[in-house]
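# What the coordinates show
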Amino acid sequence: MPLLKILHHPDPRLRTKATAVSTFDEALSEFARNLLTTMYAAPGIGLAATQVNVHKRVIVVDISEEKDQPHMLVNPVLEPYGDKIKGEEGCLSVPDIYDSVERFEYVKVSAQDVHGEPLQFTADGMLSICIQHECDHLEGKLFVDYLSSLKRGRISKALRERAK
Ligand code: GNR
Ligand code: NI
């Protein structure tokens, strides 16, 4: 299976709101594995289905050094809590652009695994930030949306120029 192709901002397909997964079949498991392989190859610490033009509620995340702690989350729902914290973010759909974004410090994550089994955990640190970033993708939202319109305009222009 070749790697999935990652869409780049300002591609309008990145603005699609993903729909819930209701069928937990072998095709879903295979897609989640391909998403994870594509994320590791990029390389990245997270990837949302939206970024590969599949508009279903699936995200994958692995912040471990050894790339051996993958989370494959289907239909994730977040309850963010705690203080707001600022951190540098990047995005595989906004290549080579990094800027500071405010996120909640913690998230309680409720989701399903690829077999449809419910799961819950809480995340802090980079994992919390990354899961919030991925769930934004499922809503058609990008980290650049949190920046000033001046910065966002400059980023869109730079990426459009580069795509030519
Ligand atoms: O690889 C990624 N790194 C990253 C760094 C800081 C905050 C969020 C991220 S997610 C990003 C991969 C990506 O674009 N996921 O959607
Ligand atoms: Ni991203």
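Residues numbered from 1 in each chain as written. Chains lettered and ligands numbered in written order. Predicted model: local features only at pLDDT ≥ 70, side-chain atom pairs only at ≥ 80, totals over all residues. Heavy atoms only, no water.

If you walk across this open sheet you meet the five strands as β1-β2-β3-β4-β5, and the pairing is antiparallel. On the outer flanks of this sheet lie β1 (46–48) and β5 (118–123), each paired with one strand and no other. Pairs of neighbouring strands in the sheet enclose a mean axial angle of 45 degrees, with direction left out of account. Pairing analysis gives 13 bridges linking strand β3 (residues 71–91) to strand β4 (residues 94–112), with the strands arranged antiparallel. Bridge pairing links Ile-85 to Arg-103 in β4. (Pairing = 2+ DSSP bridges. Helix = DSSP H or I, 4+ residues; strand = E, 2+ residues; numbered from the N terminus. Axes fitted to C-alpha atoms, helices over the stretch in contact; angles between N-to-C directions.)

On to the coordination of the nickel ion (ligand 2), then. Any two of four tetrahedral donors ideally make an angle of 109.5 degrees at the metal, while pairs among six octahedral donors ideally make 90 or 180 degrees. Around the nickel ion (ligand 2), the donor atoms from the protein are Cys-91 (SG), His-133 (NE2) and His-137 (NE2), and they sit 2.1 to 2.3 Å away. Going along the chain, you hit the donors of the nickel ion (ligand 2) in the pattern C-x41-H-x3-H. In this pair, Cys-91 is assigned in strand β3 and His-133 in helix α2 (residues 125–138), connecting sequence segments 42 residues apart. Classification of Cys-91 by relative accessible area gives buried; the value is 9%. On the accessibility criterion, His-133 (8% relative accessible area) is buried. (Donors = N, O, S within 2.8 Å, 3.2 Å for Na, K, Ca; no water. Buried < 20%, exposed > 50% of the residue type's maximum accessible area, 1.4 Å probe, protein only.)

The next point concerns the packing of aromatic side chains. As enumerated under the stated definition, the model contains one aromatic pair in all. Positioned above the aromatic ring of Phe-104, the side-chain terminus of Lys-84 is 5.0 Å from the ring centre. The ring of Tyr-146 carries the charged tip of Lys-141 above its face, separated from the ring centre by 4.6 Å. (Phe/Tyr/Trp six-rings, centres within 6.5 Å; stacked < 30°, edge-to-face > 60°. Lys NZ or Arg CZ within 6 Å of the ring centre and 35° of its normal.)

We now examine the site of ligand 1. In the region of ligand 1, 13 residues are neighbours, and Ile-45, Gln-51, Leu-92, Glu-134 and His-137 sit closest. Between His-133 and ligand 1, the recorded distance is 3.2 Å, taken from a side-chain N or O atom to an oxygen atom. In the model, an oxygen atom of ligand 1 is placed 2.9 Å from a nitrogen or oxygen of the His-137 side chain. For ligand 1, whose accessible area on its own is 380 Å², the fraction buried by protein is 90%. Listing elements by their share of the shell around ligand 1, those giving two or more residues are β3 and α2. Grouping the constituent residues of the shell around ligand 1 by class yields four nonpolar, six polar and three charged. (Near = heavy atom within 4 Å. Polar contact = N/O pair within 3.5 Å; in protein donor to acceptor, adjacent residues only side chain to side chain. Areas by Shrake-Rupley, 256 points an atom, 1.4 Å probe, with all protein chains shown as cover. Nonpolar A, V, L, I, M, F, W, Y, C, P; charged D, E, K, R; others polar.)

Function cannot be inferred from these measures alone, as they are strictly geometric.
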